[in-house]
Protein chains: 2
Amino acid sequence: MRIVLCGTGNLATRLGIALFAADAEIVQIFGRTEKNAAELAHILHCAFTISPEELVTDADLYILAVSDDSIEKTVANLAIRDRLVVHTAGSVPMEILAVSAKNFGVFYPLQTFSKNKEVDFRNIPICIEANNASNLEILNGVASTISEQVVRVDSNQRKQLHLAAVFVCNFVNHFYSIGEQLLNEQQLNFDLLKPLIRETADKVMNYSPASVQTGPAIRGDNAVMQMHRNMLEGNPAWQEIYSLISKEIRVGTHRDAVG
Amino acid sequence: MRIVLCGTGNLATRLGIALFAADAEIVQIFGRTEKNAAELAHILHCAFTISPEELVTDADLYILAVSDDSIEKTVANLAIRDRLVVHTAGSVPMEILAVSAKNFGVFYPLQTFSKNKEVDFRNIPICIEANNASNLEILNGVASTISEQVVRVDSNQRKQLHLAAVFVCNFVNHFYSIGEQLLNEQQLNFDLLKPLIRETADKVMNYSPASVQTGPAIRGDNAVMQMHRNMLEGNPAWQEIYSLISKEIRVGTHRDAVG
């Protein structure tokens, strides 16, 4: 299985390293800037190029780990012809590849990636989709070498997964950030919140989140909520977020109680 | 150090177990309902009562692990006189105890507690405050037997900590719950999100949350954000939450870029 990896960002880097560690034969990195492509090629002990004409044309799999906007253009510019090509995006339909490719699919690792932080791919769900059964089988084979959780997910499901990921990762991280800022205002160290952050995440590994909801909103503790809103007087956006989510927590409970 | 524990809820249970494991002498549980008080007393191998007249009057420390609303009433009803009494609430000023007690303070473990889930108190920050230095020293001694992170925090700081905790715990858990509901809509298992939830929490153990923000909002990916808002058409509250937080993530970045 000879692989060409297109892209040099966080996901390309992390995915490349995982494939390399699983003895995949990465033959070439295709990137937009020479420096980044050379850097990743160095890590993965393979060739690199930044010109479409120099693309290896006989690889078995082309992985597009590029930004959503660039997928369509990249696949059109590269001479991929009948080779298998996949993108790695949560919110882009598989069919976008159908214009320029005959054999195509999606290889979407559901995780947040940083260039410099190691991740253990074995626990990362890899969501695969392909234009036919044999291509799906190929993707399943590649994904299984790096992850223990390979799942078949169609484009609609993947889109929904990505939306859910925005809530449980991107929005959650923003709340961590609000927490840090609130502590800084009172000369308190963010470290104080870390055991709570960890426990909150740990808890839902074994319980449904709705069943372990705690805090003033679920208790209907209006005195505390009013005090909190007053404390957020100086930041109307945070105040609005506070009110909106507290209300939702209550409504959700009422919905459960009724349903 | 003879301790009376007032309350039988999640915090009273978990704190009682931690103190017991650290060889504290818990002499009595005071509760509102006989069943709950008897249950906890059984776990902690101590006496219990539900009538204020039967309260042990010569203990060294009375810990009120009761709801915010009940603190004032509880301390007034119990013959605590000159003994040291503390409450365990995030958002209640210490001075509420001054009306009925001479020696008082706060013993606030910054964590979310479930009755049935074990927690390791050693990593839980315990925020202490007292009406004088010698009482503070006593609380420091007790807290240090169960936690490695005892911090002196005044009532204003504690209030702010509690507000931050609502964001990073209660609101975060609600977003986990939204994630679960979104997955259920597409017949996907919540397990798929767990590695992402874990990694998102892990990341801020070593990085400032603002520095590791990812997702469509920080990238300014309007196409994906518009698609997500459309997908949330059926749930106006979630749609509003999505817009509001995405905007805040962008504004926060702009603020940083400018500042």
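Keep in mind the model is a prediction, meaning the values are calculated, not measured. (Residues numbered from 1 in each chain as written. Chains lettered and ligands numbered in written order. Predicted model: local features only at pLDDT ≥ 70, side-chain atom pairs only at ≥ 80, totals over all residues. Heavy atoms only, no water.)

1. Examining unusual backbone geometry
Residues and elements named next belong to chain B. Although it is not a glycine, D23 adopts a positive phi angle of roughly 70 degrees. Note that D23 resides in the loop between α1 (10-21) and β2 (25-30). Exposure remark for D23: the relative accessible area of 71% places this residue in the exposed category. (Helix = DSSP H or I, 4+ residues; strand = E, 2+ residues; numbered from the N terminus. Buried < 20%, exposed > 50% of the residue type's maximum accessible area, 1.4 Å probe, protein only.)

2. Details of the sheet that holds β2 of chain B
Residues and elements named next belong to chain B. If you trace the 8 strands from one edge of the open sheet to the other, you get β3-β2-β1-β4-β5-β6-β7-β8, paired in mixed fashion. Looking at strand neighbours, the two that pair on one side only are β3 (47-49) and β8 (150-152), the edges of this open sheet. Sheet twist, expressed as the mean angle between neighbouring strand axes with direction ignored, is 25 degrees. In this structure, strand β1 (residues 2-6) lies alongside β2, joined through 5 bridges in parallel fashion. Within β2, the position partnered with C6 by the bridge is F30. Its contacts with the sheet place helix α4 (residues 133-146) against β4 (61-64), β5 (84-87), β6 (103-109), β7 (126-130) and β8, and it is angled at close to 165 degrees to β7. (Pairing = 2+ DSSP bridges. Axes fitted to C-alpha atoms, helices over the stretch in contact; angles between N-to-C directions. Contact = heavy atoms within 4.5 Å.)

3. Focus on the packing of aromatic side chains
For the structure on display, the rule yields 13 aromatic pairs over all chains. Geometrically, the ring pair formed by F113 of chain A and F121 of chain A is stacked, given 5.6 Å between the ring centres and 20 degrees between the ring planes. For F113 of chain A, a relative accessible area of 9% puts it in the buried group. Taken together through their ring pairs, the aromatic side chains of F167, F171, F175 and Y242 of chain A together with F167, F171, F175 and Y242 of chain B make up a single cluster. (Phe/Tyr/Trp six-rings, centres within 6.5 Å; stacked < 30°, edge-to-face > 60°.)

4. Details of the relation of the copies chain A and chain B
Superposition of chain A onto chain B requires a rotation of 180 degrees combined with a translation of 0.0 Å along the rotation axis, giving an RMSD of 0.0 Å. Taken together, the rotation and translation relating the two chain copies correspond to the operation of a two-fold axis. Measuring from the rotation axis to each C-alpha of chain A, the shortest distance belongs to V172 of chain A, at 2.8 Å. A symmetric contact is evident, with 100% of the interface residues of chain A recurring at the interface of chain B. (Least-squares fit on C-alpha atoms with pLDDT ≥ 70 in both.)

5. Things to note about the sheet that holds strand β1 (residues 2-6) of chain A
Residue and element names in this part refer to chain A. With mixed pairing, 8 strands are arranged side by side in an open sheet as β3-β2-β1-β4-β5-β6-β7-β8. The sheet terminates laterally at β3 (47-49) and β8 (150-152), the two strands that pair on one side only. This sheet shows a mean twist of 25 degrees between the axes of neighbouring strands, independent of strand direction. Alignment of β1 against strand β4 (residues 61-64), held across 4 bridges, turns out to be parallel. Directly across from L5, in β4, lies its bridge partner I63. The sheet strands contacting helix α4 (residues 133-146) are β4, β5 (84-87), β6 (103-109), β7 (126-130) and β8, and the helix crosses β7 at an angle near 165 degrees.

6. Structural notes on helix α8 (residues 222-231) of chain A
All names here are of chain A. By the burial criterion, the buried members of α8 are V224, M225 and H228. Here the buried residues of α8 occupy an arc of 100 degrees about the axis, which is enough to place them on one side. Exposed and facing more than 90 degrees away from the buried side of α8 are N222 and A223. (Arc of directions from axis to C-beta.)

7. Quick notes on the interface of chain A and chain B
Taken together, the contacts link 86 residues of chain A with 86 residues of chain B. Applying the counting criterion to the chain A and chain B interface returns 2 salt bridges. Sorting the residues of the side of chain A that touches chain B by element identifies α5 (155-185), α6 (194-203), α8 and α9 (236-258) of chain A as the ones contributing at least two each. The element that contributes the greatest number of residues to the side of chain A that touches chain B is α5 of chain A, accounting for 28 residues. In terms of residue class, the side of chain A that touches chain B is made up of 47 nonpolar, 25 polar and 14 charged. (Salt bridge = Lys/Arg side-chain N within 4 Å of Asp/Glu carboxyl O. Nonpolar A, V, L, I, M, F, W, Y, C, P; charged D, E, K, R; others polar.)

8. Describing the packing of α5 of chain A against helix α8 (residues 222-231) of chain B
Taken N-terminus to C-terminus, the directions of α5 of chain A and α8 of chain B make an angle of 100 degrees; their axes are 11 Å apart at the nearest point. As far as their axial angle goes, α8 of chain B and α5 of chain A are roughly perpendicular. Two secondary-structure elements touch here, α5 of chain A through K159, Q160, H162, L163 and V166 of chain A and α8 of chain B through V224, M227, H228 and M231 of chain B. Its residues placed into classes, the contact of α5 of chain A with α8 of chain B shows 5 nonpolar, 3 polar and 1 charged. (Parallel < 35°, antiparallel > 145°, perpendicular 65-115°, else oblique.)

9. Overview of the environment of V99 of chain B
For V99 of chain B, the position within the fold is in the loop between β5 and β6. A C-alpha to C-alpha distance of 9.0 Å links V99 of chain B and V75 of chain B, two positions 24 residues apart in sequence.

10. Observations concerning the confidence of the model for chain A
Chain-level statistics for chain A give a pLDDT mean of 94 and a share of 97% at 70 or above. This complex was scored by the predictor with a pTM of 0.92 and an ipTM of 0.92. (pLDDT = per-residue confidence, 0-100.)

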